[in-house]
Amino acid sequence: MKVYDSNNLRNIAILGHSGCGKTNLIEAIAYTANLTSKIPQLSDKTNMTYSMGLVPVEYNGIKYNLLDTPGYFDFCGDVISSLRACAAAVIVIDATNPIQVGTEKSLEFTENMPKIMFINKIDNEKARYKDAIDMLREKYDKKIVPMIIPEYKDKQFVKLHNILDNLQEAYDGDFEQQVLAIKEGLMELVAESDDAYLDKYFSGEEFTEEELQKGITIGIKRGDIIPVICGSTINNIGTKEILETLESYIYP
């Protein structure tokens with residue numbers, strides 16, 4: 001059995017309302033990290049998690065212990081216990097439903113810890129991505145930063161985009177403005193992470209990749225930045241982006 005140094009171990013709690021896709025997300029992450037040799041038989045059926053489970057996943061030399069917490073908050077004691085052993089959390093949100101009690105409880109329990117919001121089922125015809133973002137911003141305001149966003153055409157999901165990538169494609173005006181607004185908001189938050197960055201921002205200079213990474217990391221750990229990733233567990237969309245965000249910004 002491979003032995004990991006404590007510096008290479010990470011405990012991540014996976015939270016969300018029952019049926020949001022927590023367990024499917026863990027299965028998809030395990031596949032993405034090459035823990036399994038074939039893609040899991042994911043489904044959009046409601047999977048009930050009544051007790052806490054743990055799935056270890058290795059990605060780029062780091063072992064992530066993913067704690068699958070109960071979705072029914074009659075078992076909230078297990079959720080609170082798991083968070084005590086974790087340094088960060090991923091909250092899964094169902095894009096096809098309005099705000100759910102399990103989501104509200106997850107937000108409450110993780111108030112003072114670094115976290116990623118994962119908006120699931122964004123390729124479903126009933127997806128309400130914008131409503132989910134609005135709900136999060138109503139609670140956290142400008143701290144909410146959609147880092148990985150979906151592109152839609154004719155109300156159909158097309159693909160994901162990282163807002164830090166250059167705008168090299170021919171986006172329509174509304175989508176391009178959406179990306180630019182998110183990037184500008186993120187630059188302000190990065191600037192607020194360090195006095196030197198603030199001076200650079202006000203002088204109109206662009207941040208280097210290293211400065212961006214450092215500023216985002218500081219912001220997430222302080223709770224000033226909450227990255228939002230979207231995807232689809234049943235089609236294994238967005239899971240690599242979760243691992244990359246954990247690696248780049250939460251545990252750099």
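As a reminder, the structure under discussion sits directly above these lines.
Note that the coordinates shown come from a computational prediction; the quantities given were computed from them, not determined experimentally.

### Observations concerning the packing of helix H5 (residues 173-191) against helix H7 (residues 209-222)
Interhelical geometry of H5 versus H7 gives an angle of 75° and a closest axis separation of 8 Å. In terms of orientation, H5 and H7 fall into the roughly perpendicular class. Contacts from Leu186, Met187 and Val190 of H5 reach H7 at Glu211, Leu212, Gly215 and Ile216.

### Here's the deal with the sheet that holds strand S3 (residues 62-68)
With respect to topology, 7 strands assemble into an open sheet ordered S2-S3-S1-S4-S5-S9-S6, the strand pairing being mixed. Edge positions in the open sheet fall to strand S2 (53-59) and strand S6 (144-146), since each of these has one partner strand only. For this sheet, the mean inter-axis angle between neighbouring strands, taken without regard to orientation, is 25°. Here 5 bridges tie strand S1 (residues 9-16) to strand S4 (residues 88-94), and the two strands are oriented parallel to one another. Each bridged residue has a counterpart across the sheet, and for Ile14 the counterpart in S4 is Val90.

### Quick look at the nonpolar core
Core analysis: the biggest nonpolar cluster contains 63 residues, and Ile12, Tyr64, Met117, Ile119 and Leu186 have the highest contact counts within it. For this core, the element with the most residues is H5, which contributes 8 residues. Setting aside anything within four residues of it in sequence, one finds Tyr64 in contact with Arg10, Ile12, Val55, Pro56, Val57, Tyr59, Leu243, Leu246, Glu247 and Tyr251. Membership of the second largest hydrophobic core comes to 8 residues, among which are Leu67, Val79, Cys86 and Met113.

### A few points about helix H8 (residues 239-250)
An α-helix turns once per 3.6 residues; consequently, residues spaced three or four apart project the same way. With 12 residues, H8 ought to run about 16 Å at 1.5 Å a step, and its terminal C-alpha atoms sit 16 Å apart, in line with that. Residues of H8 that are buried: Thr239, Ile242, Leu243, Thr245, Leu246, Tyr249 and Ile250.

### Quick word on the pairing of strand S9 (residues 226-230)
Summarising burial for S9: 5 of the 5 residues are buried, a large majority. Burial along S9 is two-sided: Ile226, Val228 and Cys230 and Pro227 and Ile229, pointing in opposite directions, are all buried. Pairing geometry for strand S5 (residues 115-120) and S9, over 3 bridges, is parallel. Bridged to Phe118 within S9 is Ile229. In this sheet, S9 lies alongside S6 in parallel orientation, the contact comprising 3 bridges. Its bridge partner being in S9, Val145 is matched across the sheet by Pro227.

Calculation criteria
- Residues numbered from 1 in each chain as written.
- Predicted model: local features only at pLDDT ≥ 70, side-chain atom pairs only at ≥ 80, totals over all residues.
- Heavy atoms only, no water.
- Axes fitted to C-alpha atoms, helices over the stretch in contact; angles between N-to-C directions.
- Helix = DSSP H or I, 4+ residues; strand = E, 2+ residues; numbered from the N terminus.
- Parallel < 35°, antiparallel > 145°, perpendicular 65-115°, else oblique.
- Contact = heavy atoms within 4.5 Å.
- Pairing = 2+ DSSP bridges.
- Core = buried A, V, L, I, M, F, W, Y, C linked by side-chain atoms within 4.5 Å.
- Buried < 20%, exposed > 50% of the residue type's maximum accessible area, 1.4 Å probe, protein only.
- Expected span 1.5 Å × (residues − 1).

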